[in-house]
Structures are given as structure tokens and as C-alpha cells.
Amino acid sequence: MFFVALCLDKPDHVELRMSTRAAHLAFLDKHAARVKLGGPFLDGETPVGSLLILDCENEAAARALLSEDPYAAAGLFASVELKPWKRVVGAQL
């Protein structure tokens, strides 16, 4: 089952994002089978959040995976919204 995670950064936390970015990317690589798509929201050139599409058994598994993200562990996010999602058109994930 797919889930979309909408993660918005705390204001003025770009330095925290950048200092944990390498660990975050390693986490995404480690979980590539379940993290189908992801990338930052931008304000101009500045990253201000993240969007991830996850393939997990259920919402609890998706939340557990998100909690392991170094960005989440570092306290980067002001909010995380998780929604079940169904792909209808576009590339296969």
C-alpha cells in the first residue's frame, strides 16, 4: 500500500537539514525498496520540507519507517502528514 508523507521543516532550520542530509540520503538508499519517490519542497532555492511516497504494509509500518529518518530523529520537521495514496496515472512505482 502506498502512503504520501508531507513533511514541513521548522522555520529557519536549513542548517539542521544540511548537517543531517548525508545520513538522510543513506537512510533513503537503505530503504529504497519501500521509499519509492522523494524530494524536497523548495522556497526559491531553499529546501523547506520533504515529500516521500512509501510502499508499506500499513500505516503503522509507514509511521515506523518515517520515525527512523535522520531528519525526524534530529527534530527537523514542524509537521508530518501521512496519507494513504493510490496511483492512478503516471510512472509505475
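On a predicted model such as this, the values are computed, not experimentally measured, just so you know.

A. A look at the overall build of the chain. Within the chain, the secondary structure is distributed over three helices and four strands. Along its sequence from the N terminus, the chain presents helices and strands in the succession β-α-β-β-α-α-β. Computed over its C-alpha atoms, the radius of gyration of the chain comes to 13 Å, within 12% of the 12 Å expected for a compact globule of 93 residues. Along the first, second and third principal axes, the C-alpha set of the chain runs to 35 × 25 × 20 Å. Classification of the 93 residues of the chain by burial places 32% in the buried group. Put simply, of all contacts in the chain between residues at least 6 apart along the chain, 68% involve residues at least 24 apart. When the 10 basic and 12 acidic side-chain charges of the chain are each reduced to a single mean position, those positions are 7 Å apart.

B. Structural detail: the UniProt feature "domain: YCII-related" (unreviewed entry) in the chain. Per the UniProt record, "domain: YCII-related" (unreviewed entry) is annotated on residues 1-86. Helix makes up 36% of residues 1-86 and strand 42%, whereas the separation of the span's terminal C-alpha atoms amounts to 8 Å.

C. Fine view of the environment of E57. Here E57 shows up in the loop between β3 (46-55) and α2 (59-68). Between the C-alpha atoms of E57 and F3, which are 54 residues apart in sequence, the distance is 9.8 Å. The residues touching E57, leaving out its near neighbours within four places in the chain, are M1 and R34.

D. Spatial organisation of a nonpolar patch on the surface. The grouping of L37, W85 and L93 at the surface amounts to a nonpolar patch, some 250 Å² of accessible area in total. Looking at where W85 falls in the secondary structure, it is placed in strand β4 (residues 77-85). Overall, W85 belongs to the partly exposed group, its relative accessible area being 33%.

E. Quick look at the nonpolar core. Counting residues in hydrophobic clusters, the biggest one holds 17 residues, and the most contacted among them are L52, L54 and C56. Every element with two or more residues in this core is listed here: β1 (2-9), α1 (14-30), β3, α2 and β4. Leave out the neighbours within four places in its chain, and L52 touches F3, V4, A5, L28, V35, L37, G38, L66 and D69.

F. How the structure looks around unusual backbone geometry. A positive phi angle is found at D12, which is not glycine, with a value near 60°. Tracing the sequence through the fold places D12 in the loop between β1 and α1. Judged by relative accessible area, D12 falls into the exposed class, the value being 79%.

Thresholds, definitions, all that
- Residues numbered from 1 in each chain as written.
- Predicted model: local features only at pLDDT ≥ 70, side-chain atom pairs only at ≥ 80, totals over all residues.
- Heavy atoms only, no water.
- Helix = DSSP H or I, 4+ residues; strand = E, 2+ residues; numbered from the N terminus.
- Rg over C-alpha atoms; globule rule 2.2 N^0.38 Å.
- Buried < 20%, exposed > 50% of the residue type's maximum accessible area, 1.4 Å probe, protein only.
- Contact = heavy atoms within 4.5 Å.
- Lys, Arg positive; Asp, Glu negative; His and termini not counted.
- Charge placed at Lys NZ, Arg CZ, Asp CG, Glu CD.
- UniProt positions renumbered as here; feature names shortened; annotations may be inferred.
- Patch = residues over 30% accessible without salt bridge, like charges linked within 9 Å, V, L, I, M, F, W, Y side chains within 5 Å.
- Areas by Shrake-Rupley, 256 points an atom, 1.4 Å probe, with all protein chains shown as cover.
- Salt bridge = Lys/Arg side-chain N within 4 Å of Asp/Glu carboxyl O.
- Core = buried A, V, L, I, M, F, W, Y, C linked by side-chain atoms within 4.5 Å.

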